[in-house]
Amino acid sequence: MTMATISLCMIVRDEEEVLDRCLASIADLVDEIIIVDTGSTDQTKEIAKKYTDKIFDFEWIDDFSAARNFSFSKATSEFIMWLDADDIVPEESRKQILKLKGKLIPHNMECVMMEYEYSYDEEGNPTFAHRRERIVKKECNFQWVGLVHEILEVTGVVFVTNIVIKHLKTKPNTDRNIKIYEKAIEEGKDLTARDVLHYANECFDHKKHREAIEWYQKFLKEDSENVDERIYAYLKLVDCYIHFQQYDQALKYGLYTFQLDTPRAEICCRLGYIYEFKKEIEKAISWYKIATVIDIPGQSVYVQQPCYTWLPHIQICACYMSLGNLEKAKKHNDMAAKYIPNSSYVTNNEKILEEMKSKNNAAT
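None of the values given here were measured: they were computed from a predicted structure. (Residues numbered from 1 in each chain as written. Predicted model: local features only at pLDDT ≥ 70, side-chain atom pairs only at ≥ 80, totals over all residues. Heavy atoms only, no water.)

Trainee: A description of the side chain of Asp-195 should follow, citing residues and the corresponding values.
Mentor: Note on placement: Asp-195 falls in helix α6 (residues 193–205). Despite its burial, Asp-195 pairs with no opposite charge, the nearest such side chain being Arg-194 at 6.8 Å. Not counting chain neighbours up to four residues away, the residues in contact with Asp-195 comprise Gly-146, Leu-147, Val-148 and Tyr-181. (Helix = DSSP H or I, 4+ residues; strand = E, 2+ residues; numbered from the N terminus. Buried < 20%, exposed > 50% of the residue type's maximum accessible area, 1.4 Å probe, protein only. Lys, Arg positive; Asp, Glu negative; His and termini not counted. Salt bridge = Lys/Arg side-chain N within 4 Å of Asp/Glu carboxyl O. Contact = heavy atoms within 4.5 Å.)

Trainee: Could you give me a rundown of the environment of Ile-316, with the residues and numbers involved?
Mentor: You can see Ile-316 is positioned in helix α12 (residues 311–323). For Ile-316 and Lys-331, which are 15 residues apart along the polypeptide, the C-alpha to C-alpha distance reads 9.6 Å. Other than its neighbours up to four places away in sequence, Ile-316 contacts Ile-285, Tyr-288, Lys-289, Thr-292 and His-332.

Trainee: So, the state of the cysteines: which residues are in play, and what are the values?
Mentor: Within the structure shown, the criterion is met by zero disulfides. Cys-140 provides the cysteine sulfur closest to Cys-111, a residue in no disulfide bond, and the two sulfurs are 8.9 Å apart. Left without a disulfide partner, Cys-319 is nearest to the cysteine sulfur of Cys-317, which lies 9.2 Å away. Classification of Cys-319 as buried rests on a relative accessible area of 1%. (Disulfide = S-S within 2.5 Å.)

Trainee: Mind laying out the sheet that holds strand β1 (residues 6–12), listing which residues take part and the relevant values?
Mentor: Taking strand neighbours across the sheet as the criterion, the eight strands line up as β3-β2-β1-β4-β7-β6-β10-β5 in an open arrangement whose pairing is mixed. Of all the strands in the sheet, the pair left with one neighbour each is β3 (55–57) and β5 (87–88). Packed on one face of the sheet, helix α3 (residues 64–73) meets β1, β2 (32–37), β3, β4 (79–82) and β7 (126–137) and runs near 145 degrees to β1. The strands that helix α4 (residues 91–101) touches are β1, β4, β6 (111–120), β7 and β10 (158–167); relative to β10, the one it contacts most, it runs at about 150 degrees. (Pairing = 2+ DSSP bridges. Axes fitted to C-alpha atoms, helices over the stretch in contact; angles between N-to-C directions.)

Trainee: Explain the pattern of salt bridges residue by residue, including any values.
Mentor: Tallying each qualifying case throughout the model produces 26 salt bridges. Across the pair Arg-131 and Glu-115 runs a salt bridge whose closest N-O atoms are separated by 3.1 Å. Pair noted here: Arg-131 is in strand β7 and Glu-115 is in strand β6, with a separation of 16 residues, a long-range link. Residue class for Arg-131 comes out buried when judged on its relative accessible area of 13%. Judged by its relative accessible area of 15%, Glu-115 is buried. Lys-137 serves as the salt-bridge partner of Glu-139, at 3.6 Å between the closest nitrogen and oxygen.

Structure representation (structure tokens):
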């Protein structure tokens, strides 16, 4: 079996708390490690030296893609893999990557997508995951684009895997990214469609919901054929209008997504949520039930896993509780528990059973 060689390329800055954890999880699976430092003032470089001598400095110019492309230019292996310093490769994924190395060349894999678990609830369950282009063939010379939230522009056949990379962020959120965008806008730079979308996200994350609405709408006016990104933008508009309690507007933008593709559970759960607030419980239950039978879209990069698993069942449980239908409430509570047993998200069964007992006693 021909084992492909892989260069791991990373850009880092002041990552002394997490870099060792990241590199320890992947170092023995790659053939070369490239570390590009954009201005660390802590022990980041010293930690990197434990794993590689290929450490390069890059003057920070408020452009993540420029730094990523520089790191890729230093790679000498047949394939390139990237990670962030606060990522780790779980043990099961390590085994899968080792097997993958024997398939990259025979199957002519130019780009390999992996699952990216990006956020978690208090109990460690993933709440947001999306697919990212994780390993690419060096000779294809794929380039990173975007000032922030950069992405590799890949063409040709893309191989989708269920290999998971975990993003375990430890640093608090800052205003770094939104300032990069604001500076670019002030300087009159042309933003790509993706930059427009991600600037809208930054506005949303910084609770600038009016500005977020404006920029999501700007993105939707762009001539973009990326259905996933358009559905995502509509979803965020729904969230913005829910924030302002403008439920009719939220419903309108949610329903627009059905013109683009089959229903997504993320949208159905939002619609159920809206009808809960409108006290139209039967309608809410209907939308949540639709979410329970939707499969996770195979090619989507924007997936909120709870919407496809336990979340709609919990909401249906709450709806039936409000209607006094405790048997159906318990049924959906139990279904949610199959996905996340012993979770605080799951309503206490004892409480439901006690209410059912009281109701039965009253009836007799």
